[in-house]
Amino acid sequence: MKTLRVTLVPAVLGQDPWTTPEEAFLIATGRRERAVTQAMEMGKRLEPLIVQLVGERVGATVEERAVPVVDGVLRGEIDAVLSDGTIVEAKTSQQYFEEPPLHWKIQLQCYCAMRRSRGILAILTRGIHLELFPVEVDCEWWERVRAVVRRFVEEYLARDIPPGREWLE
């Protein structure tokens, strides 16, 4: 069975500013590699520190890191799970946010729904400011997202046909 990485869900939903649904198809089928920037590499290296800081701030220990998760046609890797069951998704940025970017929030919401847990989106800004955004999942939202992803996998990935403009209409 074909599966889709959770990191591509925002693109499939048309909510990723950097990746289109067609590009998500190309990445999912191995025809294109997702570009890894220097900022992304640094963010990946900082994840353990960010997660540790989140645990200290909320008074919980880090139980697991890099936790694989699968739910039907979705698969991914959660950055960390705290001792109270909270999922942590760690990000880095050069800019401050009053609200986190929607594509990051969607990714964490998917992980939370897959694990039936709450989450914290932790954004380390400019290497010194850690902002925590709690995330809860709406069950109706999750069912709609699962249906859209299932349709994307069945209509495009399984048949090896890239989506066109009609996908977002």
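Residues numbered from 1 in each chain as written. Predicted model: local features only at pLDDT ≥ 70, side-chain atom pairs only at ≥ 80, totals over all residues. Heavy atoms only, no water.

Concerning unusual backbone geometry
A negative phi holds for most residues other than glycine; trans holds for most peptide bonds.
Then, in step 1: Positive phi is not limited to glycine here, since Ala66 has a value of about 50 degrees.
Then, in step 2: Mapped onto the secondary structure, Ala66 falls in strand S2 (residues 62–71). (Helix = DSSP H or I, 4+ residues; strand = E, 2+ residues; numbered from the N terminus.)

Here's the deal with the pattern of salt bridges
Then, in step 1: Applying the stated criterion across every chain, the model contains 11 salt bridges.
Then, in step 2: One salt bridge connects Asp160 with Arg31, and the closest N-O pair in it is separated by 2.7 Å. Taken together, the residues Asp160 in the segment after helix H5 (139–157) and Arg31 in the loop between helix H2 (21–28) and helix H3 (38–58) connect sequence positions 129 residues apart.
Then, in step 3: You can call Arg31 partly exposed: its relative accessible area is 49%.
Then, in step 4: One network of salt bridges, in which partners are shared, links Asp71, Glu143 and Arg146. (Salt bridge = Lys/Arg side-chain N within 4 Å of Asp/Glu carboxyl O. Buried < 20%, exposed > 50% of the residue type's maximum accessible area, 1.4 Å probe, protein only.)

Examining the packing of aromatic side chains
Then, in step 1: Scanning the model with the defined rule gives 5 aromatic pairs in all.
Then, in step 2: With a centroid separation of 5.6 Å and 50 degrees between ring planes, the pair formed by Phe152 and Tyr156 is classed as tilted. One end of the pair is Phe152 and the other is Tyr156, both in helix H5 and 4 residues apart, which spans about a single turn. (Phe/Tyr/Trp six-rings, centres within 6.5 Å; stacked < 30°, edge-to-face > 60°.)

Here we look at the layout of surface pockets
Then, in step 1: Size it by volume and the largest pocket reaches roughly 1,400 Å³.
Then, in step 2: Along the wall of the largest pocket there are 41 residues; nearest its centre are Arg34, Ala35, Met40, Lys91 and Trp104.
Then, in step 3: Only H2, H3, strand S3 (74–82), strand S4 (87–93), helix H4 (102–115) and strand S5 (119–125) provide two or more residues apiece to the lining of the largest pocket.
Then, in step 4: A total of 7 residues in the lining of the largest pocket trace back to one element, the largest contributor, which is H3.
Then, in step 5: When grouped by side-chain class, the residues that make up the lining of the largest pocket number 16 nonpolar, 12 polar and 13 charged. (1 Å grid on protein atoms, 1.4 Å probe; cavity = no way out; pocket = protein on both sides within 12 Å on 5 of 7 lines; lining within 4 Å. Points joined across faces, edges and corners; volume = space filled by probe spheres on them. Nonpolar A, V, L, I, M, F, W, Y, C, P; charged D, E, K, R; others polar.)

Some thoughts on the packing of H2 against H5
Then, in step 1: Two elements in contact, H2 and H5, have axes separated by 12 Å at closest approach and are oriented at 70 degrees. Classified by the angle their axes make, H2 and H5 are roughly perpendicular. With respect to the hand of their crossing, H2 and H5 are arranged in right-handed fashion. In this structure, H2 contributes Pro21, Phe25 and Ala28 to the contact, and H5 contributes Phe152, Tyr156 and Leu157.
Then, in step 2: Its residues assigned to classes, the contact of H2 with H5 comprises 6 nonpolar, no polar and no charged. (Axes fitted to C-alpha atoms, helices over the stretch in contact; angles between N-to-C directions. Parallel < 35°, antiparallel > 145°, perpendicular 65-115°, else oblique. Left-handed = near helix turned anticlockwise from the far one by under 90°. Contact = heavy atoms within 4.5 Å.)

Structural measurements only, silent on function.
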